Amino acid sequence: MPATWTFDAPHGGQLLPAAAVAGLLEVASAPLSAERLLRAIEPMVPVEHLSLVSFRRHTPELIEGFSSHTRDRNVVAECFAIYRRSYFRSDAIMSMADQVAHRPAREVAVMHCRADELPVAGWRDDIYVRERLTERFTLLHAPAPGAVQAIHLYRDHRHGQFQPHEIEQLLALAPLLRQAHHAALGAGAAIADRQAQIAQAARRLERLAPALSPRERAVCARIACGLSADGIAADLDVAPSTVLTLRKRAYLKLSDTGLPAHRLGLARLLA
């Protein structure tokens, strides 16, 4: 049977490498990325594939996957399609996901399953044997009530099975990885919300100040939403000097039409 753990505090007395801590901070400060998650784990334990999965209406849905070495095809997506079509109902992770959905958000559940423990031979042959996978290590948590997310870590023949000390390291990492994952979900939502605000501001500017060029409108919309010149430059992939030039031209046009030509005025006009 697969081994399982549930806890809401660091497990054991393992010390995390500085590279792992730096990776987790990067994960937490940016939108969710399977690659960043895998790179944060690698300083502690080598992992070949990582998949991010959500559970909706008792059905798993792949969010994103990343592989350390395979670049010529999307192994994670290929395997998940087979799993979703034929085998997920036989996966013990489904009942664990149901339990996690009703647990406090701070908790993380962990399951470790070797290929030889899979209950269906076809599942083992079609995915694990075909891709030469040895096992799966899964972290489950509910960042919002009823919204369960999973981080699946897969080993293959390159590294063999997880060793006992590696299991301990992953258990030590699990609560911090949950926190980083949760923060990354929030960062992604915040960016999506900001982009929606920028799009709305740009639409209003197009109606109120048709004399602005598309680039001038893009700059002013971002000014209204609180971005700095450097932030706007990064968002539009232009030099900061270009942003300043576009801002100057836009402010002249806005002044000519009696509209506010400063940050606070734009924020109030386009709120």
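Residues numbered from 1 in each chain as written. Predicted model: local features only at pLDDT ≥ 70, side-chain atom pairs only at ≥ 80, totals over all residues. Heavy atoms only, no water.

Draft legend 1. Representation of the packing of helix 7 (residues 214-224) against helix 8 (residues 229-236). Where helix 7 meets helix 8, the axes come as close as 10 Å, and the angle between the chain directions of the two elements is 130°. When the interaxial angle is binned, helix 7 and helix 8 end up oblique. Considering how the two elements wind past one another, helix 7 and helix 8 form a crossing that is right-handed. Contacts between helix 7 and helix 8 involve Arg215, Ala218, Val219, Arg222 and Ile223 from the first element and Ile232, Asp235 and Leu236 from the second. (Axes fitted to C-alpha atoms, helices over the stretch in contact; angles between N-to-C directions. Helix = DSSP H or I, 4+ residues; strand = E, 2+ residues; numbered from the N terminus. Parallel < 35°, antiparallel > 145°, perpendicular 65-115°, else oblique. Left-handed = near helix turned anticlockwise from the far one by under 90°. Contact = heavy atoms within 4.5 Å.)

Draft legend 2. Structural detail: the side chain of Arg136. Tracing the backbone shows Arg136 in strand 5 (residues 133-144). Polar side-chain contacts of Arg136 include one of 2.8 Å to the side chain of Asp91. Within the local environment of Arg136, its side chain forms a polar contact with the side chain of Thr138, the two groups lying 3.2 Å apart. (Polar contact = N/O pair within 3.5 Å; in protein donor to acceptor, adjacent residues only side chain to side chain.)

Draft legend 3. The confidence of the model for the chain, seen in detail. Model confidence for the chain is summarised by a mean pLDDT of 86, while 93% of its residues fall at 70 or above. The secondary-structure element of the chain with the lowest mean pLDDT is strand 1 (residues 3-7), recorded at 77, while helix 5 (residues 121-129) shows the highest, at 96. (pLDDT = per-residue confidence, 0-100.)

Draft legend 4. The arrangement of the pattern of salt bridges in detail. On inspection of all chains with the given rule, the structure shows 15 salt bridges. Here Glu131 ties to Arg73 by a salt bridge, and the two come within 2.7 Å at their closest N and O atoms. Placement of the pair is Glu131 in the loop between helix 5 and strand 5 and Arg73 in the loop between strand 3 (59-67) and helix 3 (75-86), with a sequence separation of 58 residues. Exposure remark for Arg73: the relative accessible area of 32% places this residue in the partly exposed category. The partner of Glu117 in a salt bridge is Arg114, and the shortest N-O contact between them spans 3.4 Å. Among the ionic contacts, a cluster of salt bridges with common partners joins Arg73, Glu78, Arg130 and Glu131. (Salt bridge = Lys/Arg side-chain N within 4 Å of Asp/Glu carboxyl O. Buried < 20%, exposed > 50% of the residue type's maximum accessible area, 1.4 Å probe, protein only.)

Draft legend 5. Structural context of the packing of aromatic side chains. Under the counting rule described, the total for this entry stands at four aromatic pairs. With 5.8 Å between their ring centres and 50° between their planes, Tyr83 and Trp123 make a pair best called tilted. Taken together, the positions of Tyr83 in helix 3 and Trp123 in helix 5 put the pair 40 residues apart, joining distant regions of the chain. Overall, Trp123 belongs to the buried group, its relative accessible area being 2%. (Phe/Tyr/Trp six-rings, centres within 6.5 Å; stacked < 30°, edge-to-face > 60°.)

Draft legend 6. Highlighting the nonpolar core. Core analysis: the biggest nonpolar cluster contains 30 residues, and Leu50, Phe137, Leu139 and Leu153 have the highest contact counts within it. No other element matches the eight residues that helix 6 (residues 164-208) contributes to this core. When residues no more than four places from it in sequence are discounted, the contact partners of Leu50 are Ala34, Leu37, Leu38, Ile41, Glu64, Gly65, Phe66, Val76, Ile151, His152 and Leu153. Among the nonpolar cores identified, the runner-up in size contains 29 residues, and Val53, Ala97, Met111 and Leu133 belong to it. (Core = buried A, V, L, I, M, F, W, Y, C linked by side-chain atoms within 4.5 Å.)

Draft legend 7. Quick look at the pairing of strand 2 (residues 49-56). Within strand 2, seven of the eight residues are buried, which leaves it mostly tucked inside the rest of the structure. Bridge analysis of strand 2 against strand 3 gives eight bridges, and the strand direction is antiparallel. Note that in strand 3 the partner of Arg56 across the bridge is Thr59. In this antiparallel pair of consecutive strands, strand 2 and strand 3, the connection spans two residues, and Arg57 shows a positive phi of 50°. (Pairing = 2+ DSSP bridges.)

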